[in-house]
Amino acid sequence: MHISGTTTMLGLIGTPVEHSKSPAMYNYCFAKYGLDCAYLAFDVPKEKSGEAVQAIRTLNIKGANVTMPCKNAVIPYLDKLTPVAEAIQAVNTIVNDNGVLTGHITDGCGYTLNLRAHGVEAAGKKIVLLGGGGAASAIAIQAALEGAKEITVFNLKDSFWDRVQAGLEKISKAAPECKITLHNLENREELKAAIDESDILSNATRVGMAPYEEQSNITDLSWFRPELVVTDVVYSPTETKMLREAKAAGCKTCDGLGMLLWQGAEAFRLYSGLEMPVEEIRELLYK
Ligand code: NAD
C-alpha cells in the first residue's frame with residue numbers, strides 16, 4: 001500500500017479491536033480497486049465515543065465502522081441516522097459526506113444479503129429468531145422491512161427481556177405488516193411449535209461462542225427438518241454446534257462469518273459505491 005499526502009483515512013472504533021478483521025478486509029479492497037485510502041483500528045472506550053466522532057470531523061476521516069461498546073454511545077454526536085439505525089438505536093457504520101456524519105447499521109443487511117447468497121429471501125418467510133440483543137434487533141427490523149411474514153422471537157427472561165419487548169414494539173411500528181411476538185426461550189413446547197411452522201431458524205444469542213461453544217439452543221435434533229433453513233450470527237467458531245447438527249439433519253445452513261462479510265460489504269458499498277469481493281475476503285479471513 002502506498003500512503004501519501006492525499007491518502008484518505010477510514011477506521012474502526014470500539015474496544016477491544018486488536019483482533020479485528022476489518023483492517024485486513026477493507027485494506028484488501030482498497031488495494032484491489034486502487035483506492036487511495038487506508039484503514040486502521042482505533043481502541044476507543046465507550047466514554048470517549050464523542051471525542052472519537054469529533055476526531056472524524058476534525059481529521060476528515062471518510063468513514064468508520066463502530067463496534068462494541070460504542071454502537072449506541074456515538075449516536076448523540078452524529079448529524080443523521082438511517083431509519084433502521086434510528087429504530088434500533090445502534091450504529092455500526094458512520095459515513096462522512098462532506099462533513100455531514102450519518103449513522104447506519106449494516107448488520108441486518110449483512111444477514112439478509114448472506115441469506116440471499118444462499119438462495120433464500122426473507123420476504124414472505126416465517127422466522128424463529130432466538131435472542132433479542134443487538135444482532136437480533138438488526139435482523140428483526142431488516143427482515144421485517146424486507147417483507148418477512150412473521151418473526152417469533154424467543155429470549156430468556158434475563159436482564160434483556162424488558163428492553164427486547166420495548167425494542168420489538170418499535171420494530172412492529174416501523175414494519176406493521178410483519179407479525180412480531182416475544183416468547184420465553186425456556187418454554188420448549190412453544191419453541192418447538194414455532195419452529196415446526198417456520199421457514200428459517202435464526203440463532204442470535206451468544207450460545208455457540210465461548211464460553212458456550214459446546215452448547216446449542218436446540219437440544220432435540222428431531223426439531224430439524226430438511227426444509228428448515230438454519231442460520232447463526234456467531235462467527236467464532238464459524239460452524240457452531242447448532243449449525244453442525246442442523247447440517248447433519250439435512251438443513252441448509254448460513255454461518256455468522258457470512259453475515260459478518262456481507263455487513264462489511266454493505267459498509268464498503270456505502271463508503272465507496274463499489275462491491276466488495278466477498279468470496280476473496282472469506283478466503284483471506286480463513287487464512
Ligand atoms: P447482546 O449482548 O446484545 O445480546 C445477547 C443475546 O444473547 C441476548 O438476547 C441474551 O438474552 C442472549 N443470551 C446470552 N446468554 C445466553 C444464554 N446462555 N442462553 C440463551 N441466550 C443467551 O449481543 P449481540 O451484540 O446481539 O451479539 C450476539 C452474538 O452475535 C455474539 O456472538 C456476536 O459476536 C454475534 N454478532 C455477529 C455479527 C455478525 O456479523 N455475524 C454481528 C453482531 C453480533
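Structure first, text after, so check above.
Bear in mind the structure is a predicted one, so any value in this text is a computation, not a measurement.

**Student:** How should I be thinking about the side chain of Thr-112 in this particular structure?
**Tutor:** Secondary-structure assignment places Thr-112 in helix α4 (residues 107-117). Here Glu-146 takes part through its side chain, which lies 2.8 Å from a polar atom of the side chain of Thr-112. Once residues within four sequence positions are removed from consideration, Thr-112 is found in contact with Ala-122, Gln-142, Ala-143 and Glu-146.

**Student:** What should I look at first to understand the site of the ligand in this one?
**Tutor:** The full set close to the ligand counts 22 residues, and Ala-135, Asn-155, Asp-158, Arg-206 and Met-209 are the nearest of them. Gly-134 places a polar main-chain atom, nitrogen or oxygen, 2.9 Å from an oxygen atom of the ligand. Within the backbone of Gly-256, one N or O atom sits 2.9 Å away from a nitrogen atom of the ligand. Look at the ligand: alone it shows 860 Å² of surface, and the protein chains cover 85% of it. For the shell around the ligand, the secondary structure elements donating two or more residues are α5 (134-145) and α9 (256-272). Ranked by residue count, the leading element in the shell around the ligand is α9, at three residues.

**Student:** What exactly am I supposed to notice about the pairing of strand β6 (residues 100-104) here?
**Tutor:** For a regular strand, the rule is simple: side chains alternate between the two faces of the sheet. Among the five residues of β6, four are classified as buried, and the element is accordingly described as predominantly covered. Looking at chain direction, strand β4 (residues 80-81) and β6 are connected through two bridges and run parallel. What sits directly across from Lys-80, in β6, is Thr-102. Pairing between strand β5 (residues 93-97) and β6: five bridges, direction antiparallel. Across the sheet, Asn-96 pairs through a bridge with Leu-101, a residue of β6. The hairpin formed by β5 and β6 contains two residues between the paired strands, and Asn-98 there has a positive phi angle of roughly 50°.

**Student:** I keep staring at the sheet that holds strand β8 (residues 150-155) and nothing clicks. Help me out?
**Tutor:** Remark on secondary structure: sheet strands pair via backbone hydrogen bonds, oriented parallel or antiparallel. In space, the six strands of this open sheet follow the order β9-β8-β7-β10-β11-β12, with parallel pairing throughout. For this open sheet the edge positions go to β9 (179-184) and β12 (252-254), each flanked by a neighbour on one side alone. On average, each strand axis in the sheet is inclined to that of its neighbour by 20°, with strand direction left out of account. Relative to β12, strand β11 (residues 229-232) is paired through three bridges, and the arrangement is parallel. Residue pairing for β12: Val-230 is matched across the bridge by Thr-253.

Conventions and cut-offs
- Residues numbered from 1 in each chain as written.
- Predicted model: local features only at pLDDT ≥ 70, side-chain atom pairs only at ≥ 80, totals over all residues.
- Heavy atoms only, no water.
- Helix = DSSP H or I, 4+ residues; strand = E, 2+ residues; numbered from the N terminus.
- Polar contact = N/O pair within 3.5 Å; in protein donor to acceptor, adjacent residues only side chain to side chain.
- Contact = heavy atoms within 4.5 Å.
- Near = heavy atom within 4 Å.
- Areas by Shrake-Rupley, 256 points an atom, 1.4 Å probe, with all protein chains shown as cover.
- Buried < 20%, exposed > 50% of the residue type's maximum accessible area, 1.4 Å probe, protein only.
- Pairing = 2+ DSSP bridges.
- Axes fitted to C-alpha atoms, helices over the stretch in contact; angles between N-to-C directions.

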